There are 2 protein chains.
Amino acid sequence: MQPYTEMSTEELQALRKKLSSHYREFQVKDLRLDMSRGKPSAEQLDLSMGMMDVLSSEDDLTCEDGTDCRNYGVLTGIKEAKELIGDMMEVNPENIIIYGNSSLNVMFDTIARSMTHGVMGCTPWCKLDKVKFLCPVPGYDRHFAITEYFGIEMINVPMDENGPDMDMVEQLVASDDTIKGIWCVPKYSNPTGTSYSDATVRRFARLKPAAPDFRIYWDNAYGVHHLYDHDQDHLIEILAECKRAGAPDLVYKFSSTSKISFPGSGIAAIATSHNNLEDIEKQLKFQTIGHDKVNQLRHVRFFGDIHGMCEHMRLHADVMRPKFEAVTSILERELGGLEIASWTSPKGGYFISFDSLDGCAKSIVARCKKAGLIITGAGATYPYGRDPHDSNIRIAPSYPPLGDLVVAMELFALCVKIVSIDKILAERK
Amino acid sequence: MQPYTEMSTEELQALRKKLSSHYREFQVKDLRLDMSRGKPSAEQLDLSMGMMDVLSSEDDLTCEDGTDCRNYGVLTGIKEAKELIGDMMEVNPENIIIYGNSSLNVMFDTIARSMTHGVMGCTPWCKLDKVKFLCPVPGYDRHFAITEYFGIEMINVPMDENGPDMDMVEQLVASDDTIKGIWCVPKYSNPTGTSYSDATVRRFARLKPAAPDFRIYWDNAYGVHHLYDHDQDHLIEILAECKRAGAPDLVYKFSSTSKISFPGSGIAAIATSHNNLEDIEKQLKFQTIGHDKVNQLRHVRFFGDIHGMCEHMRLHADVMRPKFEAVTSILERELGGLEIASWTSPKGGYFISFDSLDGCAKSIVARCKKAGLIITGAGATYPYGRDPHDSNIRIAPSYPPLGDLVVAMELFALCVKIVSIDKILAERK
């Protein structure tokens, strides 16, 4: 394919006409396609329907230690669930608190607690003039929304294929004690699909933050969410690495089964050092008597153990893999060589990150919408919704059926072409 | 029975000896009885086991409006659940947000949000020098624990058979704008079992607080938890009353199904005005994508409607009623006429409130413990754990089987007698 910039103005204008007519064909189809969020498809949800049968009225809902899961109590989660989630999170079950249905809620509460009560005896953030967070970009919009909600200033840190720019991270956290945290999705990152390199994880564990209450917010949302059986990314386990580096309290690790069992009806957890756990439990005991133990037991009985969970994730992969491959192959077929875009090809997770020419992302998203395709808003992958290059778009292939996805991506590629031509032509004027 | 104070010192000393020998008989029994918390009994939990069967892998987990309960979304709860819980809370479903498994958690989050972001545009409490709450006493220890955790100063307001001392409440909230709330358990109150009179509820709705961000924290935990079919307390619905009084935003009403379905695996809710809901949702959308809709659907399918729930509560009542009656009849038989104690005889809820002679409660609880009976710590029903009279003890009859409960109450009455005699004799010296 000839790069667009090497085409003459006349060629581009002719192509633009052809593409416009193609676009109008899409418009009359009255499409209603939603790729805005990383939601599992109905086909994936069907995989977990057995969850509904593992506990019946004939079953004993008692834990191995005699706890009646139906009654009050057990603040930090039942032992069996800690073992399962411990294996999932690659940490000792004793380093875990099991929460309710949402790891986002755990992260929100972690920030809220730091605001009102501080971290391990440090000044509550609400008493400080300024609190800042580092935000690797592009990143997860709901992370940025939490910090923005609490008035925390966000500083962009660029991501590359190894993770965040660690020179910048090291320098900033060492020199500025108002920096209290960094949001990370270290494996199959949202949205790039990048997994942090070994060197990156080691450098994280060896950070020397100026603030004693600085923590790494390690949202390992896609720890077991591989697309392939063998070609999988591997991440150094951060709690163990921090311990080895002599900084066991440096990290909060979050995870959930939302994209393993059911979104909204899974179980979430935090894994962290004993000091941090103690600090958290001081608050948690006032917030609740305990989370949903019946649902914890349901997960344990359904998955059995981590092997059962991994086998289950292979079934998810069988649904997800063709979708990811459809997206990247359509992008390659339609946009390859045109030099107007680049995109990632992750081996897991829920997203593909797409970069258009600078200044085109908003127009592409708007043009998709006019033809009935909703994609994640341009800018959403940046703090305050401000992508300084207006180029990044998060593609979420999971939700639509494969047939719809193919249509959606063809429309998307078409919009990319049209908007890119418009930009190139405008620049030539 | 002759009042103890009318007995001679010699008579009391002789009785004391007899009672001591009786107490030693209890001690050798090596009892392990726990009446510390308002936990449903296993027999009650068995009533809800059908919950485990209402959703199976063959069922469609779709709402009437097409929402797939298995997936992400629906921040404020599914429509069907709002209807069921609306009927339970006696409010319009549109005034409800359905939460996770714990109304305590909803209350905690309500206070936390007020601390960091304020109420409907008012200054966040963390920016104020002083925040105070009114606490009707005796009351619920976990309420007081939340306000204490957030550094909120608590002011005791005495309860009588009509509810809190409303003269005091009216005067305080009108004159002091640092008073931001009052904790209420308006029906079958914890621990007295009192239901607020119509006049009390009307006066609540007509409060003229100096603070615009003052709210009534109306924890209607026992709204449908009657002991009798006909002899039931009725409470004026507070949201409607506030609306009629021209102050629709004055109240947050909390409830849950914890003591209806399963404690820890129920669904909780807040009911309040549209202005307050809007204020809450501004925060909630950052905290979570949504609560457990599958569990909401499970509740809807199990109970069907409010009639189904009320029928279910009759089964709970059949288990609870004999326990409440056992407690009051043993207290009457053992302590009636001795003029050393008084207690309540509620028609619902989970507790009986017991008042000993001043200065005896701690000793009674300690003496029970030495013979193997754990009851709620003396002082727990007061803010900061400080009962100024050291006289109130919360009796929680629900958890032990009836046979154990009888033994426990006989031991309890014995301890009350011994401690009371010791006090009377000490005063005569």
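In this report, we go over the structure that sits alongside the text.

So, how was this worked out
Residues numbered from 1 in each chain as written. Chains lettered and ligands numbered in written order. Predicted model: local features only at pLDDT ≥ 70, side-chain atom pairs only at ≥ 80, totals over all residues. Heavy atoms only, no water. Least-squares fit on C-alpha atoms with pLDDT ≥ 70 in both. Contact = heavy atoms within 4.5 Å. Pairing = 2+ DSSP bridges. Helix = DSSP H or I, 4+ residues; strand = E, 2+ residues; numbered from the N terminus. Axes fitted to C-alpha atoms, helices over the stretch in contact; angles between N-to-C directions. Buried area = accessible area lost by both parts, 1.4 Å probe. Salt bridge = Lys/Arg side-chain N within 4 Å of Asp/Glu carboxyl O. Polar contact = N/O pair within 3.5 Å; in protein donor to acceptor, adjacent residues only side chain to side chain. Nonpolar A, V, L, I, M, F, W, Y, C, P; charged D, E, K, R; others polar. Core = buried A, V, L, I, M, F, W, Y, C linked by side-chain atoms within 4.5 Å. Buried < 20%, exposed > 50% of the residue type's maximum accessible area, 1.4 Å probe, protein only. Right-handed = clockwise from strand over helix to strand, strands pointing away.

Our focus in this paragraph is the relation of the copies chain B and chain A. Mapping chain B onto chain A calls for a rotation angle of 180 degrees and an axial translation of 0.0 Å; the resulting RMSD is 0.1 Å. Such a combination of turn and shift is consistent with a two-fold rotation axis. Comparing interface residues between copies, 100% of those in chain B also lie at the interface in chain A; the contact surface is shared.

Residues and elements named next belong to chain A. Taken in spatial order, the three strands make up an open sheet running 10-11-13, and their pairing is antiparallel. In this open sheet, the two edge strands, each paired with only one partner strand, are strand 10 (341-343) and strand 13 (392-395). Sheet twist, expressed as the mean angle between neighbouring strand axes with direction ignored, is 20 degrees. Pairing of strand 10 with strand 11 (residues 352-356), which is carried by three bridges, proceeds in the antiparallel orientation. Residue pairing across strands places Trp-343 opposite Phe-354, the latter belonging to strand 11.

Glancing now at the interface of chain B and chain A. Opposite the 59 residues of chain B that make contact, chain A presents 59 residues. Buried surface at the junction of chain B and chain A, both sides included, amounts to about 4,900 Å², of which 55% is carbon and sulfur. Broken down residue by residue, the surface that chain B buries against chain A is led by B:Arg70, B:Tyr72 and B:Tyr149, which jointly contribute 17%. The interface formed by chain B and chain A holds two salt bridges in total. With a shortest N-O distance of 2.8 Å, B:Asp46 and A:Arg70 are connected by a salt bridge. Taken together, the connections running from chain B to chain A amount to 20 residue pairs in polar contact (both at pLDDT 80 or more). Among the elements that line the side of chain B that touches chain A, the one with the most residues is helix 4 (residues 103-117) of chain B, at eight residues. Its residues assigned to classes, the side of chain B that touches chain A comprises 24 nonpolar, 19 polar and 16 charged.

Here we come to the nonpolar core. In terms of nonpolar packing, the biggest core is built from 69 residues, with A:Ile111 and B:Ile111 touching the most fellow members. With residues near it in sequence (within four places) discarded, A:Ile111 still touches A:Trp125, A:Phe133, A:Ile146, A:Phe150, A:Ile152, A:Trp183 and A:Tyr217.

Residues and elements named next belong to chain B. Across the six residues of strand 8 (residues 251-256), six count as buried, placing the element largely inside the fold. Inspection of the sheet shows strand 7 (residues 215-219) paired to strand 8 by four bridges, in the parallel sense. For Trp-218, the partnering residue across the bridge sits in strand 8 and is Lys-253. In this view, the connection linking strand 7 to its parallel neighbour strand 8 by way of helix 8 (residues 238-244) has right-handed handedness. One ladder, built from four bridges, connects strand 8 with strand 9 (residues 268-271); its direction is antiparallel. Across the sheet, the residue bridging to Phe-254 is Ile-270, located in strand 9.

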